[in-house]
Amino acid sequence: MPRQYAHLCPVRAFSKWLHFSRIRTGYLFRKIRQNDRIAEENEPMTSEQFLEMFRNNLIDIGTDYFPYGTHSFRRGGCQWLSVERRWPLRQICEWGGWSQEFTHLTIVKYLISWNDNPTVNHYDFFNMHRKPTTVCPTCNRSCHCN
């Protein structure tokens, strides 16, 4: 990924994990013991432990953990690709491995949720005095951010 997205790059993150964890054989993501120590035994981290640690991280930064789960990463990725990167729906489905038939609309569950931040205030939907949208020269889509 480009340098400005280095913090999102799975290749960089994986490389750093290999370097700092010093794990050379066995499970790459092992159970975490007391005092944040990686288990010396070749025991995989469970999804339950991952979720607990993720929620503890949210508490550490003062965020309510209730709305978040392990699918939050997939949802966040889909929303970022759709809203910020402006990927077409079919491309997001291809990336996520979802059907492109759109009969079950699995993708909608990842793009829209009750805890999303709205991008436009409801009272501005038909506000004729709102700043007009501009067409992006790269993707040909419109937005209010320019």
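Keep in mind the model is a prediction, meaning the values are calculated, not measured.

Caption draft 1: Broad picture of the pattern of salt bridges. Using the criterion set out here, one finds three salt bridges in the structure. Put simply, lysine 31 and glutamate 43 hold a salt bridge, and the shortest N to O gap is 3.3 Å. Here lysine 31, found in the loop between α1 (10-21) and β1 (32-33), pairs with glutamate 43, found in the loop between β2 (37-38) and α2 (47-60); they are twelve residues apart in sequence, far enough to count as distant. Where arginine 33 meets glutamate 43, a salt bridge forms, and the shortest distance between an N and an O atom there is 2.8 Å. Residue arginine 33 is located in strand β1, and its partner glutamate 43 is located in the loop between β2 and α2; the two are separated by ten residues in the primary sequence.

Caption draft 2: Layout of the confidence of the model for the chain. Summary statistics for the chain give a mean pLDDT of 82 and a share of 87% for residues scoring 70 or more. In the model of the chain, strand β4 (residues 142-143) stands out as the element of lowest mean pLDDT, 61, in contrast to α2, which has the highest, 93.

Caption draft 3: Structural view of the environment of leucine 8. By the secondary structure assignment, leucine 8 is in the segment before α1. When its relative accessible area of 39% is taken as the criterion, leucine 8 is described as partly exposed. Separated by 69 residues in sequence, leucine 8 and glycine 77 place their C-alpha atoms 9.7 Å apart. Leucine 8 has contacts with Met1 and Trp80, leaving out every residue within four places of it along the chain.

Caption draft 4: Expanded view of helix α3 (residues 72-84). Relative to the 18 Å expected for 13 residues at 1.5 Å per residue, α3 spans 17 Å between its end C-alpha atoms, a close match to the ideal helical length. For α3, the complete set of buried residues consists of Ser72, Arg75, Gly77, Cys78, Leu81 and Ser82. At its buried positions, α3 is contacted by α2, α4 (89-96) and α5 (106-111). Looking one or two residues beyond α3, the residue adopting positive phi is arginine 86, at roughly 60°.

Caption draft 5: View of the nonpolar core. Counting residues in each nonpolar core, the largest one holds eight residues, listed as Cys78, Leu81, Ile92, Cys93, Trp98, Ile107, Tyr110 and Leu111. Sorting the residues of this core by element identifies α3, α4 and α5 as the ones contributing at least two each. Here the element with the most residues in this core is α5; it accounts for three residues.

Caption draft 6: Local environment of unusual backbone geometry. The backbone of arginine 22 sits at a positive phi, close to 60°, despite the residue not being glycine. Along the chain, the position of arginine 22 falls in the loop between α1 and β1.

Caption draft 7: Structural detail: the packing of aromatic side chains. Within the structure shown, the criterion is met by five aromatic pairs. Ring centres 6.4 Å apart and planes at 10° place the aromatic pair phenylalanine 50 and phenylalanine 54 in the stacked group. Here phenylalanine 50 and its partner phenylalanine 54 are both found in helix α2, four residues apart, which amounts to about one turn of the helix. For phenylalanine 50, a relative accessible area of 33% puts it in the partly exposed group. The class of phenylalanine 54 is buried, set by a relative accessible area of 13%.

About the criteria used
- Residues numbered from 1 in each chain as written.
- Predicted model: local features only at pLDDT ≥ 70, side-chain atom pairs only at ≥ 80, totals over all residues.
- Heavy atoms only, no water.
- Salt bridge = Lys/Arg side-chain N within 4 Å of Asp/Glu carboxyl O.
- Helix = DSSP H or I, 4+ residues; strand = E, 2+ residues; numbered from the N terminus.
- pLDDT = per-residue confidence, 0-100.
- Buried < 20%, exposed > 50% of the residue type's maximum accessible area, 1.4 Å probe, protein only.
- Contact = heavy atoms within 4.5 Å.
- Expected span 1.5 Å × (residues − 1).
- Core = buried A, V, L, I, M, F, W, Y, C linked by side-chain atoms within 4.5 Å.
- Phe/Tyr/Trp six-rings, centres within 6.5 Å; stacked < 30°, edge-to-face > 60°.

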